[in-house]
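Coordinates in review
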Amino acid sequence: MKTFTTRSQIRQYLNAQGAAKVGFVPTMGALHNGHISLITQAKQANDVTVCSIFVNPTQFNDPKDLEKYPRPIEADKAKLELAGCDILFNPGVSDMYDDNEQWHLDIGPMEQLLEGEFRPGHYQGVTQVVFKLLDIVKPTNLYMGQKDYQQFMIVSRMVELLNIPVNMVMCPIERETDGLAMSSRNIHLTPADREHSLVLSKTLNWVKNNFDANNIEVLQQQAMEKMASINDVVPEYFRIVDGKTLLPANTNTQSIVALTAARVGKTRLIDNVLIK
Ligand code: AMP
């Protein structure tokens, strides 16, 4: 695997290679099998697979969260080698941003919903960095996880609005055997938190199995109560929404997703399930 830390180096290399199909997997590192499943999927459909590892400061609204974000770069490189990734792009903050860079994209009201309500400015940071990364890598296919469902929809909207020539591929959520969605943040869970964290996936499955389009409000309320009943779990939201607009679902909605975020001990977790 080739590793590059500056935009010009990776661009030069990709230009020289002239691959017909480039698959791209942007990450913040601390790689787990969820990330690796994206690499595997990219490898199957592209001539060259590029992974980026960049802990993007502009998408963190909590400086403590940014500071404690895990950065095990050597272990990550070994996992990417094993997965057969061709190129790692691992820039520093000064390679990606000028001092005091002050701009953002506004892709519309979707970025204010759900995560946007609880993490103001988060998606402006996401679109800013993904825009820059797409401009550098110029991939044919962009692989992102359903785990961050809203992020996928927001990046898709940016790609559509700015007419960026890339094909978006949503990859399924990889879970631990007991149902917890894999996440780089899971390493912060204490053994007790780890046990309590199961309430997210269990509640999502319960809602999926008991879904009734006439009782969406009631289901949301019951889901919040189920999660809040577990020690050290503080649910932030549980919403059943239109899978395309992320606005509240109703009896006529064609594609429906349930999304949740909760604090488990000191760790904030998100998860979701496709209902129909
Ligand atoms: P992150 O490093 O958390 O920014 O994630 C990088 C990419 O991996 C994003 O597209 C995520 O949606 C995806 N991802 C994270 N966790 C999982 C998972 N458990 N299963 C599948 N994809 C995931």
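Whatever comes next refers back to the structure up there.
What comes next concerns the included structure. These figures come from a predicted structure and were not determined experimentally.

1. Some points on the environment of Ala262
Structurally, the position occupied by Ala262 is in strand E8 (residues 256–264). Between the alpha carbons of Ala262 and Val129 there is a distance of 25 Å; along the sequence they are 133 residues apart. Not counting residues within four places of it along the chain, the set of residues in contact with Ala262 comprises Leu200, Val233, Val234, Pro235, Glu236, Thr267, Arg268 and Leu269.

2. Some details on the pairing of strand E3 (residues 48–53)
Strand residues, when the strand is regular, have side chains that alternate between the two faces of the sheet. Of all six residues in E3, six are buried; the element is thus mostly enclosed. Across the two faces of E3 the burial is the same, with Val48, Val50 and Ser52 and Thr49, Cys51 and Ile53 all buried. In terms of strand pairing, strand E2 (residues 22–27) meets E3 through six bridges, oriented parallel. Each bridged residue has a counterpart across the sheet, and for Gly23 the counterpart in E3 is Thr49. For the crossover from E2 across helix H2 (residues 33–45) to E3, the handedness is right-handed.

3. What to know about the nonpolar core
Side chains of a nonpolar character, in soluble globular proteins, are inclined to be buried together. The biggest cluster of nonpolar side chains holds 43 residues, and the ones touching the most others in it are Ile10, Val50, Met96, Leu134, Leu142, Val155 and Met158. A total of eight residues in this core trace back to one element, the largest contributor, which is helix H7 (residues 122–137). The residue makeup of this core includes at least three contributed by each of domain 1 (2–171) and domain 2 (184–274). Counting residues in each nonpolar core, the second largest holds 22 residues, with Leu189, Phe238, Ile240 and Val273 among its members.

4. Concerning the sheet that holds strand E9 (residues 267–274)
By definition, the strands of a sheet pair up through backbone hydrogen bonds, in either a parallel or an antiparallel sense. Overall, antiparallel pairing links the three strands, which are arranged E7-E8-E9 in an open sheet. Bordering the open sheet on either side are strand E7 (233–242) and E9, each of which pairs with just one other strand. With direction set aside, neighbouring strand axes in the sheet form an average angle of 15 degrees. Across nine bridges, E7 lies against E8 in antiparallel orientation. Bridging from a neighbouring strand, Arg239 pairs with Leu259 of E8. Seen against the sheet, helix H10 (residues 198–209) touches E7, E8 and E9 and runs at an angle of roughly 25 degrees to E9. Each of E7 and E8 is contacted by helix H11 (residues 216–228), which is oriented at about 160 degrees to E7, the strand it contacts most.

5. A closer look at the site of the ligand
Among the 16 residues in the neighbourhood of the ligand, the closest are listed as His35, Gly145, Asp148, Glu174 and Met182. In this structure, an oxygen atom belonging to the ligand sits 2.9 Å away from a side-chain N or O atom of His35. In this structure, Gly145 approaches the ligand through a main-chain N or O atom, which is 2.9 Å from an oxygen atom. Contact with the protein chains hides 92% of the accessible area of the ligand, taken as 480 Å² for the molecule alone. Among the secondary structure elements, those contributing two or more residues to the shell around the ligand are E2, H2 and strand E5 (141–145). Ranked by residues supplied to the shell around the ligand, first place goes to H2 with three residues. Classifying every residue of the shell around the ligand gives eight nonpolar, five polar and three charged.

The rules we used
- Along each chain, the written sequence defines residue order, and numbers are assigned to residues from 1.
- Only residues with pLDDT of 70 or above have their local features reported here, since the model is predicted, and side-chain atom pairs are shown and tallied only from 80 upward, although totals for entire chains, interfaces and linings are computed over all residues.
- Each side-chain value is worked out from all heavy atoms of the structure, with water and hydrogens disregarded.
- In DSSP terms, a helix is any run of H or I states spanning at least four residues, a strand is any run of E spanning at least two, and both are numbered starting from the N terminus.
- We call two residues in contact whenever any of their non-hydrogen atoms come within 4.5 Å of each other.
- Under the scheme applied here, a residue whose accessible area is under 20% of the maximum for its type counts as buried, over 50% as exposed, and between as partly exposed, the area being computed with a 1.4 Å probe on protein chains only.
- Here, a strand pair is defined by DSSP locating no fewer than two bridges between the strands.
- Here, the term right-handed applies to a crossover whose path from the first strand over the helix to the second runs clockwise when the strands point away from the viewer.
- Put simply, a nonpolar core is a bunch of buried Ala, Val, Leu, Ile, Met, Phe, Trp, Tyr and Cys residues held in one set by side-chain atoms that sit within 4.5 Å of each other.
- An automatic or database domain assignment supplies the residue ranges for each domain.
- Geometry is summarised by axes, namely lines fitted to C-alpha atoms with helices restricted to the contacting stretch, and by angles between N-to-C directions that run from 0 to 180 degrees.
- A single heavy atom is enough: if one lies within 4 Å of a molecule or strand, its residue is considered near that molecule or strand.
- Pairs of N or O atoms are called polar contacts if they sit within 3.5 Å, as long as, within protein, a hydrogen donor faces a hydrogen acceptor (for residues adjacent in sequence, only side-chain-to-side-chain pairs).
- Using a 1.4 Å probe, the Shrake-Rupley method yields the accessible areas, and only the shown protein chains count as cover for residues.
- Here the nonpolar group is Ala, Val, Leu, Ile, Met, Phe, Trp, Tyr, Cys and Pro; Asp, Glu, Lys and Arg are the charged ones; every other residue, Gly included, is treated as polar.

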